[in-house]
Amino acid sequence: MLKNPKKQLTLVIGMLLVLFLAACGSGNDSEENAEESSDSSMNVGEEIDYTITGIEPGAGISVTTEKAIEEYENLDGWQVEQSSTAAMVTELEKAINNEEPIVVTGWNPHWMFTKFDNLKYLEDPQGVYGEVEQIKSLARKGLEEDKPNAYKLIDQFNWTVEDMEGIMYESSDSGEDIATVAKQWVEDNPDKVAEWTEGVEDVDGVSVELVSTPWDSERASANVVAEVLRQKGFEVTITPVDVAVMFEAVANGDGDATMAAWMPQTHADFYKDFKDDFVDLGANLDGAKIGLVVPEYMEDINSIEDLKAK
Ligand code: PBE
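We now turn to the structure provided with this report.

Cut-offs applied
Residues numbered from 1 in each chain as written. Predicted model: local features only at pLDDT ≥ 70, side-chain atom pairs only at ≥ 80, totals over all residues. Heavy atoms only, no water. Axes fitted to C-alpha atoms, helices over the stretch in contact; angles between N-to-C directions. Helix = DSSP H or I, 4+ residues; strand = E, 2+ residues; numbered from the N terminus. Parallel < 35°, antiparallel > 145°, perpendicular 65-115°, else oblique. Contact = heavy atoms within 4.5 Å. Nonpolar A, V, L, I, M, F, W, Y, C, P; charged D, E, K, R; others polar. 1 Å grid on protein atoms, 1.4 Å probe; cavity = no way out; pocket = protein on both sides within 12 Å on 5 of 7 lines; lining within 4 Å. Points joined across faces, edges and corners; volume = space filled by probe spheres on them. Expected span 1.5 Å × (residues − 1). Buried < 20%, exposed > 50% of the residue type's maximum accessible area, 1.4 Å probe, protein only. Phe/Tyr/Trp six-rings, centres within 6.5 Å; stacked < 30°, edge-to-face > 60°. Lys NZ or Arg CZ within 6 Å of the ring centre and 35° of its normal. Left-handed = near helix turned anticlockwise from the far one by under 90°. Core = buried A, V, L, I, M, F, W, Y, C linked by side-chain atoms within 4.5 Å. Domains from an automatic or database assignment. Polar contact = N/O pair within 3.5 Å; in protein donor to acceptor, adjacent residues only side chain to side chain. Near = heavy atom within 4 Å. Areas by Shrake-Rupley, 256 points an atom, 1.4 Å probe, with all protein chains shown as cover. Sits in = over half its atoms within 2 Å of the grid points.

**Focus on the packing of helix H8 (residues 161-174) against helix H11 (residues 216-231)**
Here is step 1 of the chain: Running from N to C, H8 and H11 point in directions that differ by 105 degrees, and their axes come no closer than 9 Å. Taken together, the axes of H8 and H11 lie roughly perpendicular to each other. Here Met 164, Ile 167 and Met 168 of H8 lie close against H11, whose contacting residues are Asp 216, Ser 217, Glu 218, Ala 220, Ser 221 and Val 224.
Here is step 2 of the chain: Here the residues of the contact of H8 with H11 sort into five nonpolar, two polar and two charged.

Here it is in structure tokens:
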């Protein structure tokens, strides 16, 4: 018989603990996992202060992420921290090096998926981020009549996610400017260039203004097309602007064309606003994607709905 009440209490607690652990142990595996995942996903929100690491405020993906926060009830109390793509990538790299949780706005084509081979998109059951995106070329009205050879070349330009990511990765890896890498790419890919320039006549110093956005993906396409246009005798300028300004410039004729319209989802709002005032030349790239991206070691977070409201 134990006389010491303290010891007795310890014993009782100990027995309860044994019973409790036994009860846990008898539960089936899936129940256990479900419990674990709800616990750890709750921690994820807390650990990252209910903050999605975003990019530039003007980006389509930033607008879409604000929408996602509105649409998903489980994202109540979450926010997007908007800054820049470079800052987002720095945060991502830091988190990965420390195996810490992070949720970023991510997209393809981008070299982040080559540099970090442990990233995954979160499932998006409500389809806020759309499925597969295309990158489209748009021309100003009248370009076909004014500069038919430029129009034809831009219309015939198309390539793949791998082509674009190749240039982006090479530039980020070597530290060389996208323009330099793009020029080399044009030299190394005569077959593609031949397709785009089929039936395009040489000109003598006709000027072309391409408008684009400031992301590496768009700097890659703009510089590749600019280089090929230059080889045909055009004088080309590339003006990087915000997404909204890019659509506006092609619509009001300030710019001749862009190769940087992400549709049907990413730039839907901008596209809609100006759609009567430009010519849609169709996709120049298929298979782009945007969404929320996390490192694979966040094993319990596979869907946006696995994140818990604040
Ligand atoms: N992006 C890259 C851009 C378009 C190109 C996905 C960051 C966006 O507007 O979201």
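Read on for the rest.
**Focus on empty space enclosed by the protein**
Here is step 1 of the chain: The full count for this structure, using the stated rule, is two cavities of 30 Å³ or more.
Here is step 2 of the chain: Its boundaries defined by the atoms lining it, the largest cavity holds a volume of some 130 Å³.
Here is step 3 of the chain: Lining the largest cavity are 14 residues; nearest its centre among them are Trp 107, Trp 215, Trp 262, Thr 266 and His 267.
Here is step 4 of the chain: Going through the elements one at a time, helix H3 (60-71) and H11 are the ones with two or more residues in the lining of the largest cavity.

**Overview of H11**
Here is step 1 of the chain: Look at H11: 22 Å from first C-alpha to last across 16 residues, which is about the 22 Å you get at 1.5 Å a residue.
Here is step 2 of the chain: Ser 217, Glu 218, Ala 220, Ser 221, Ala 222, Asn 223, Val 224, Val 225, Ala 226, Glu 227, Val 228 and Leu 229 are the residues of H11 that are buried.
Here is step 3 of the chain: Positive backbone phi, at 100 degrees, marks Gly 233, one or two positions downstream of H11.

**Section: the packing of aromatic side chains**
Here is step 1 of the chain: Evaluated as defined, the whole model comprises ten aromatic pairs.
Here is step 2 of the chain: Pairing Phe 113 with Tyr 121 gives two aromatic rings, centres 5.4 Å apart and planes at 20 degrees, and the pair type is stacked. Here Phe 113 and Tyr 121 have matching classes, each one buried.
Here is step 3 of the chain: The interplanar angle of 75 degrees and the centroid separation of 6.4 Å between the aromatic rings of Phe 247 and Tyr 271 together place this pair among those described as edge-to-face. On the criterion of sequence distance, the pair formed by Phe 247 in helix H12 (residues 243-252) and Tyr 271 in helix H13 (residues 268-274) is long-range, its members being 24 residues apart. Comparing Phe 247 with Tyr 271, the two get one shared label, buried.
Here is step 4 of the chain: Three or more aromatic residues joined by ring pairs form one cluster here, namely Phe 157, Trp 159, Trp 185 and Trp 196.
Here is step 5 of the chain: Sitting above the plane of the Tyr 121 ring, Lys 289 keeps its charged end 4.7 Å from the centroid.

**Digging into the packing of helix H9 (residues 178-188) against H11**
Here is step 1 of the chain: Direction vectors running N to C along H9 and H11 enclose 50 degrees, while the axes themselves pass 8 Å from each other. Judged by the angle between their axes, H9 and H11 are oblique. Both H9 and H11 take part in a crossing whose hand is right-handed. Seen from H9, the contacting residues are Ile 178, Ala 179, Ala 182, Lys 183, Trp 185 and Val 186; seen from H11, they are Asp 216, Arg 219, Ala 220, Asn 223, Val 224, Glu 227, Val 228 and Gln 231.
Here is step 2 of the chain: Among the residues forming the contact of H9 with H11, the class breakdown is eight nonpolar, two polar and four charged.

**A short note on the nonpolar core**
Here is step 1 of the chain: Counting residues in each nonpolar core, the largest one holds 93 residues, and the members touching the most others are Trp 107, Trp 159, Leu 210, Val 224, Leu 229 and Phe 247.
Here is step 2 of the chain: Considering every element that reaches this core, the biggest residue donor is strand S9 (residues 278-295), with eight residues.
Here is step 3 of the chain: Viewed by domain, this core spans two of them, domain 1 (46-131 + 292-306) and domain 2 (133-288), each represented by three or more residues.
Here is step 4 of the chain: The contacts of Leu 210, once residues within four sequence positions are left out, are Ile 154, Ala 222, Val 225, Ala 226, Leu 229, Val 236, Thr 237, Ile 238, Thr 239, Ala 257 and Met 259.

**Some thoughts on the side chain of Asn 284**
Here is step 1 of the chain: Locating Asn 284 in the fold gives a position in strand S9.
Here is step 2 of the chain: A distance of 3.2 Å separates the side chain of Asn 284 from the backbone oxygen of Met 259, its partner in a polar contact.
Here is step 3 of the chain: Ignoring any residue separated from it by four or fewer positions in sequence, one finds Asn 284 in contact with Ile 135, Lys 136, Ser 137, Phe 157, Asn 158, Trp 159 and Met 259.

**Let's talk about the environment of Asp 124**
Here is step 1 of the chain: Mapping Asp 124 onto the fold places it in the loop between strand S4 (119-121) and strand S5 (133-140).
Here is step 2 of the chain: Taking the C-alpha atoms as reference points, Asp 124 and Asn 302, 178 residues apart in sequence, are found 9.3 Å from one another.
Here is step 3 of the chain: Not counting chain neighbours up to four residues away, the residues in contact with Asp 124 comprise Tyr 72, Tyr 129, Gly 130 and Ile 304.
Here is step 4 of the chain: Within the local environment of Asp 124, its side chain forms a polar contact with the backbone nitrogen of Val 128, the two atoms lying 2.9 Å apart.
Here is step 5 of the chain: Within the structure, the side chain of Asp 124 is placed 2.7 Å from the backbone nitrogen of Tyr 129, a separation counted as a polar contact.

**A closer look at the site of the ligand**
Here is step 1 of the chain: Within the structure, the ligand sits among 13 residues, and Gly 60, Ile 61, Glu 218, Trp 262 and His 267 are positioned closest to it.
Here is step 2 of the chain: Within the side chain of His 267, a nitrogen or oxygen atom sits 2.7 Å from an oxygen atom of the ligand.
Here is step 3 of the chain: Considering the ligand on its own, with 280 Å² of exposed area, one finds that the protein chains cover 100% of that surface.
Here is step 4 of the chain: A molecule is said to occupy a pocket when more than half its atoms come within 2 Å of that pocket's grid points, and by this definition the ligand occupies the largest cavity.
Here is step 5 of the chain: Within the residue set of the shell around the ligand, elements represented by two or more residues are H3 and H11.
Here is step 6 of the chain: Three or more residues apiece are contributed to the shell around the ligand by two domains, here domain 1 (46-131 + 292-306) and domain 2 (133-288).

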